[in-house]
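# Inside the fold
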Amino acid sequence: MQRILHGLHHSPVVAYGSKSLRGLCTLPAVTTLPSGLKFQEIYVPTAGPVAQDGDEVLVHYTGRLVDGEVFDTSLDKDAHVLYKNADGLDLKGWDRGYPIQFVLGKGQVIEGWDEGICGMRVGGTRKLIVPPKLGYGSQGAGPKIPPE
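Below is a summary of the structure that appears in this document. (Residues numbered from 1 in each chain as written. Predicted model: local features only at pLDDT ≥ 70, side-chain atom pairs only at ≥ 80, totals over all residues. Heavy atoms only, no water.)

Across its full length, the protein chain holds one helix and 10 strands. Shown N-terminal to C-terminal, the secondary structure of the protein chain runs as helices and strands in the order β-β-β-β-β-β-β-β-β-α-β. The burial tally for the protein chain puts 32% of its 148 residues in the buried class. Considering only intrachain contacts with a sequence separation of at least 6, the fraction spanning at least 24 residues in the protein chain is 59%. (Helix = DSSP H or I, 4+ residues; strand = E, 2+ residues; numbered from the N terminus. Buried < 20%, exposed > 50% of the residue type's maximum accessible area, 1.4 Å probe, protein only. Contact = heavy atoms within 4.5 Å.)

Applying the stated rule across the entire model yields two salt bridges. Ionic pairing is found between arginine 126 and glutamate 41, a salt bridge with its closest N-O pair at 2.4 Å. Linking arginine 126 in strand β10 (residues 125-129) with glutamate 41 in strand β3 (residues 38-43), this pair joins segments that are 85 residues apart in sequence. Glutamate 69 is the salt-bridge partner of lysine 144, the closest N and O atoms lying 3.3 Å from each other. Taken together, the residues lysine 144 in the segment after β10 and glutamate 69 in the loop between β5 (62-64) and β6 (70-73) connect sequence positions 75 residues apart. Given a relative accessible area of 35%, glutamate 69 falls into the partly exposed group. (Salt bridge = Lys/Arg side-chain N within 4 Å of Asp/Glu carboxyl O.)

Structure, rendered in structure tokens:
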């Protein structure tokens, strides 16, 4: 039987390193998995179900490049990313304002998400640092996500 887990977040809620937060909290440790995926637990609830392969999950996220540029988010339905495709047509990005839903461990999202969201507790927030081989690799994805 498939479980549906709502409320997983893999985007930090606060901006670490801002002057208002510096010195007020300790940054969570970064865990590196054998695959090269890194993650930080930002918030871990004390109770609730834990996401595992085969669960249908709903995840809010913000995708950022190494330089901090946001290329995709589920959080802001009013912030539309506009870019041109290869034919010069304007396209709206994925800033949808609602979470993405997928079955964990089935390859419906990048490998870094399948691995990095597994083990999260519902309501938790985790920052994933996805290496290219677990993301979009040497091909990149559209105009916003460069290769490697």
